[in-house]
Each structure stands twice: as C-alpha cells, then as structure tokens.
Amino acid sequence: MVVVDNINFSIKISPKVNELWWSYRQVKAKDCEVFGVLIGNKNLNEENYSVLEVTVPQHDDLCSRTSFKLRDPEHQRRVDYLHKNSGGELIYLGTWHTHPEKIPLASNIDVQDWKECRLRNIERQLFFIIIGTEKNALYYFENENLQHQEF
Ligand SMILES: [Zn+2]
C-alpha cells in the first residue's frame, strides 16, 4: 500500500493500482501516454481517501507519446457501474496519466484540463496523478492554487 499524505489529506493507493501503474510506466521510446480515471472512496468525516480502481485506455481514446484524449464512454460507464455496485461508496476521484520523464511535471495542457475537471466537480476534492519513469507526482487544487507533491 502506497500512502501519499500532507497536512490537507491522506491518500492510500491499493497495491493493485500501484502495480498497474508500474507496468504502464512509459519507458520505451515509442510508448504512448497511458491514462484513465481514479476511482475510490473517502472516509465520512476525515480527509482520508483510497484509490482502489483505475480505468485504462479504451478503443475510442486517442494517444501519442506526449498527449492523450480521454473520450471513450467506457471510463464514465466504469465509474457509474462501481458507484452503483458499491452502494455509492466508490466515486470518481480524478485522473491519471503517464509521462516519458523520470520526474513528471505537468504540461500547460494538463493544467488546463485539470482546471476544467475541477469546474465540473466543484464540490469535490480531485486528484491528478502523473506516472513518471522513476517518480510519480500528485497534483491537486487547494482553493485556486495548484499544488504538487512527488511520491
Ligand atoms: Zn501530461
């Protein structure tokens, strides 16, 4: 179990998700960016989150070495399915994608995309994870400010 924590919240990442991310690291020159959504739960009264499931690229998604477009409806279907089958416990928590760099840094496109995600889910804390080849980075908004933490 990987735990990412700071003064605002704590996120546990299940071994299953962590292994999947490890296997998708963008280590080969021709590898495409891999991406999906984060699905998990939150403790009722505390800022403790768990990432338990993620989606991976689907048939109608697009990707290149340095970009991706999450557009296959399967991602949303998976979120809805797990939400229903967990009695509402499992929710959409954000997105993840890979970068072909050791220590990943968000691009301007990433930041723009996350701002739009945030506006669509303003009532909820969202997390944006980039999987690098050696380190990963968590990004999140603290009010208007984008924060960043490596793990
Ligand atoms: Zn990116």
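On a predicted model such as this, the values are computed, not experimentally measured, just so you know.

**Student:** Tell me about the coordination of the zinc ion, residues and numbers included.
**Tutor:** Donor atoms from the polypeptide that bind the zinc ion are His-97 (NE2), His-99 (NE2), Asp-110 (OD) and Asp-110 (OD), placed at 2.0 to 2.5 Å. Every donor counted, the four donor atoms about the zinc ion form angles of 55 to 159° at the centre, which fits irregular coordination. Spacing between the donor residues of the zinc ion along their common chain follows H-x1-H-x10-D. Summarising the burial analysis for this pair, His-97 and His-99 share the class buried.

**Student:** How would you summarise the state of the cysteines if you had to cite specific residues and measurements?
**Tutor:** Per the stated rule, a full pass over the model turns up one disulfide. Here Cys-117 stays unpaired: no disulfide links it, and the sulfur of Cys-63, its closest cysteine neighbor, is 18 Å away. Given a relative accessible area of 3%, Cys-117 falls into the buried group.

**Student:** Now, about unusual backbone geometry: what can you tell me, with residues and values included?
**Tutor:** It is generally the case that most residues other than glycine have a negative phi and that most peptide bonds are trans. At Asn-143, a position not held by glycine, the phi torsion is positive, near 55°. Residue position: Asn-143 is located in the loop between strand S9 (136-142) and strand S10 (145-150). On the accessibility criterion, Asn-143 (62% relative accessible area) is exposed.

**Student:** Outline the environment of Ile-129, listing residues and values.
**Tutor:** Position of Ile-129 relative to the elements: it lies in strand S8 (residues 127-131). The spatial distance from the C-alpha of Ile-129 to the C-alpha of Tyr-139 is 6.2 Å, given a sequence separation of 10 residues. Setting aside its immediate chain neighbours within four residues, Ile-129 contacts Ile-13, Trp-21, Leu-38, Thr-95, Trp-96, His-97, Ala-137, Leu-138 and Phe-151.

**Student:** Describe the side chain of Gln-149, naming the residues involved and giving the relevant values.
**Tutor:** Here Gln-149 lies in strand S10. Engagement of the side chain of Gln-149 in a polar contact is seen with the backbone oxygen of Asp-5, the distance being 3.0 Å. Setting aside residues up to four positions removed in sequence, Gln-149 forms contacts with Val-4, Asp-5, Asn-6, Asn-136, Ala-137 and Leu-138.

**Student:** Summarise the environment of Val-37; cite the residues concerned and give the values.
**Tutor:** Here Val-37 is to be found in strand S3 (residues 35-42). Judged by its relative accessible area of 6%, Val-37 is buried. Spatially, the C-alpha atoms of Val-37 and Tyr-81 are 14 Å apart, while their sequence positions differ by 44 residues. Excluding residues within four positions of it along the chain, Val-37 makes contact with Glu-53, Val-54, Thr-55, Leu-70, His-75, Val-79, Tyr-92, Gly-94, Thr-95 and Trp-96.

Cut-off values and rules
Residues numbered from 1 in each chain as written. Predicted model: local features only at pLDDT ≥ 70, side-chain atom pairs only at ≥ 80, totals over all residues. Heavy atoms only, no water. Donors = N, O, S within 2.8 Å, 3.2 Å for Na, K, Ca; no water. Tetrahedral: all angles 85-135°; square planar, octahedral: opposite > 155°, others 65-115°. Buried < 20%, exposed > 50% of the residue type's maximum accessible area, 1.4 Å probe, protein only. Disulfide = S-S within 2.5 Å. Helix = DSSP H or I, 4+ residues; strand = E, 2+ residues; numbered from the N terminus. Contact = heavy atoms within 4.5 Å. Polar contact = N/O pair within 3.5 Å; in protein donor to acceptor, adjacent residues only side chain to side chain.

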